[in-house]
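Now for the letters of each chain:
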Amino acid sequence: MMDEIDNHAIILLDEQGNIETWNKGAEKIKGYTASEIVGRNFRVFYPEADCQAGLPAQLLAEAAATGKVYHEGWRLRQDKTRFWGAVTITASRNEQGQLIGFAKITRDLSERMAAETTIRLHAQDLETRNKELEQFVYIASHDLQEPLLNVGNFVELLQLEYADSFDDGARLYLDIINQSTYRMRNLIKGLLDYARIGREKTFVATDCQELVDFVKEDLTAKLALTAGTLRYSQLPQVMVYPTELRQLFQNLICNALKFTKPGQPPVVTVAAEMRGKYWQFSVNDNGIGIEPAYREKIFKIFQRLHTRETYEGNGIGLAHSKKIVEMHGGELWVESVLGAGSTFFFTIPVHQSGHPTNQTA
């Protein structure tokens, strides 16, 4: 039976490591026929550096002392090509407990090694790309914003020092330049925020009730301006990236306060419920709603459904939100009725969660 196994090299060695048996698996993996290898020492399978370091003898000594030894490393075939072998050597003893040899089983793990190498190279490539992204963030935060600041400053100087020299047309042109530089700065800031998402390395236990409290405080002026109402209660504690999750709540609530119907104060409700292996959060509004054809488009960066004159913004917020949810292992989607409001849903895995709080706001 051992002789017929062809996916493992199964051989018996004497006390000195000389080969006594040879099965089909050994021939397939190592390339020798039985007549070519039986009687030779198993050191022949090891690279020269391992032999000089005494690895074969060390493995036999450890197997003799402990009963069994396992080792992974490069091994040699008959044609001197290398393969990554996983070797288990077990000591054999007679009824009197005397060592009479060893059983050696070898598996060819070259494919696994190649896969691990591919993954490692891919990880290195990702690390390189991340460093390139960090370089981009540096350039964007300094080199791109500096000329915009100069443009804005000099436009302001022109408006202050030469105001009497401009007619209405010139003042209009300067206002347009100011608005354009302001939008460009906001676009750059949005891109920087998007690039920085996920820079934190560890999850932190975060009370969503307190998190939304902070968001509500940040939005005090906007709620007052729109006569809006923000409702939420008994939100759970979750293991998350707190900065990103706060940004997620702020993006969704700000959108709900922004896309309102004329003359109707916005009402925004944040809730959460357990759904199997996930906490499912919802942010519901009574706003203008979204047409079914655009429910996927809105999550793509720079995709806008309205002009800036109608609703301000750069088309980055929901792309941010989608990226934040996905980096937590969840999903983000929207359900909406045109003219009757929208509900944005996102999920956070329960294994990253704690217990709900009992606070209300």
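Cut-off values and rules
- Residues numbered from 1 in each chain as written.
- Predicted model: local features only at pLDDT ≥ 70, side-chain atom pairs only at ≥ 80, totals over all residues.
- Heavy atoms only, no water.
- Axes fitted to C-alpha atoms, helices over the stretch in contact; angles between N-to-C directions.
- Helix = DSSP H or I, 4+ residues; strand = E, 2+ residues; numbered from the N terminus.
- Parallel < 35°, antiparallel > 145°, perpendicular 65-115°, else oblique.
- Left-handed = near helix turned anticlockwise from the far one by under 90°.
- Contact = heavy atoms within 4.5 Å.
- Nonpolar A, V, L, I, M, F, W, Y, C, P; charged D, E, K, R; others polar.
- Buried < 20%, exposed > 50% of the residue type's maximum accessible area, 1.4 Å probe, protein only.
- Lys, Arg positive; Asp, Glu negative; His and termini not counted.
- Salt bridge = Lys/Arg side-chain N within 4 Å of Asp/Glu carboxyl O.
- Polar contact = N/O pair within 3.5 Å; in protein donor to acceptor, adjacent residues only side chain to side chain.
- Pairing = 2+ DSSP bridges.
- pLDDT = per-residue confidence, 0-100.

### Side note on the packing of helix α7 (residues 208-218) against helix α9 (residues 242-258)
Next up, step 1: Contact pair α7 / α9: the axes reach a minimum separation of 10 Å and the direction vectors enclose 55°. Put simply, α7 runs oblique to α9. In this structure, α7 meets α9 at a crossing whose hand is right-handed. Two secondary-structure elements touch here, α7 through Cys-208, Leu-211, Val-212, Phe-214, Val-215 and Asp-218 and α9 through Pro-242, Leu-245, Arg-246, Phe-249, Gln-250 and Ile-253.
Next up, step 2: For the contact of α7 with α9, the residue count by class is nine nonpolar, one polar and two charged.

### What to know about the side chain of Asp-14
Next up, step 1: Considering the arrangement of structural elements, one finds Asp-14 in the loop between β1 (9-13) and α1 (24-30).
Next up, step 2: The buried charged residue Asp-14 lacks any salt bridge, with Arg-43 as its nearest oppositely charged partner at 9.1 Å.
Next up, step 3: A distance of 2.9 Å separates a polar side-chain atom of Asp-14 from the backbone nitrogen of Gln-16.
Next up, step 4: A distance of 2.8 Å separates the side chain of Asp-14 from the backbone nitrogen of Asn-18, its partner in a polar contact.
Next up, step 5: Beyond its immediate chain neighbours, meaning those up to four positions away, Asp-14 contacts Glu-20, Ile-100, Gly-101 and Phe-102.

### Describing the pairing of strand β8 (residues 267-275)
Next up, step 1: Relative to β8, strand β6 (residues 229-232) runs parallel, the two sharing four bridges. For Leu-230, the partnering residue across the bridge sits in β8 and is Val-268.
Next up, step 2: Here seven bridges tie β8 to strand β9 (residues 278-284), and the two strands are oriented antiparallel to one another. Of the residues in β9, the one forming a bridge with Ala-272 is Phe-281.
Next up, step 3: Taking the residues between adjacent antiparallel strands as the criterion, β8 and β9 are bridged by two residues, where Gly-276 takes a positive phi near 65°.

### Overview of the confidence of the model for the protein chain
Next up, step 1: On average, residues of the protein chain score 83 in pLDDT, and 84% of them reach the 70 mark or higher.
Next up, step 2: Note on residues 304-311: pLDDT is under 50 here. Beyond four places in sequence and across chains, it has 20 contacts.
Next up, step 3: For the stretch residues 353-361, pLDDT sits under 50, and the model shows 32 contacts to residues farther than four places along the chain or on other chains.

### With respect to the pattern of salt bridges
Next up, step 1: A complete count under the given rule lists eight salt bridges for this structure.
Next up, step 2: As a salt-bridge pair, Arg-129 and Asp-125 come within 2.9 Å of each other at their nearest N and O atoms. With Arg-129 and Asp-125 both in helix α5 (residues 110-161) and four residues apart, the pair spans about one turn of that helix.
Next up, step 3: Using a relative accessible area of 32% as the deciding quantity, one classes Asp-125 as partly exposed.
Next up, step 4: With a shortest N-O distance of 3.3 Å, Arg-275 and Glu-273 are connected by a salt bridge.
Next up, step 5: We classify Glu-273 as partly exposed; its relative accessible area is 39%.

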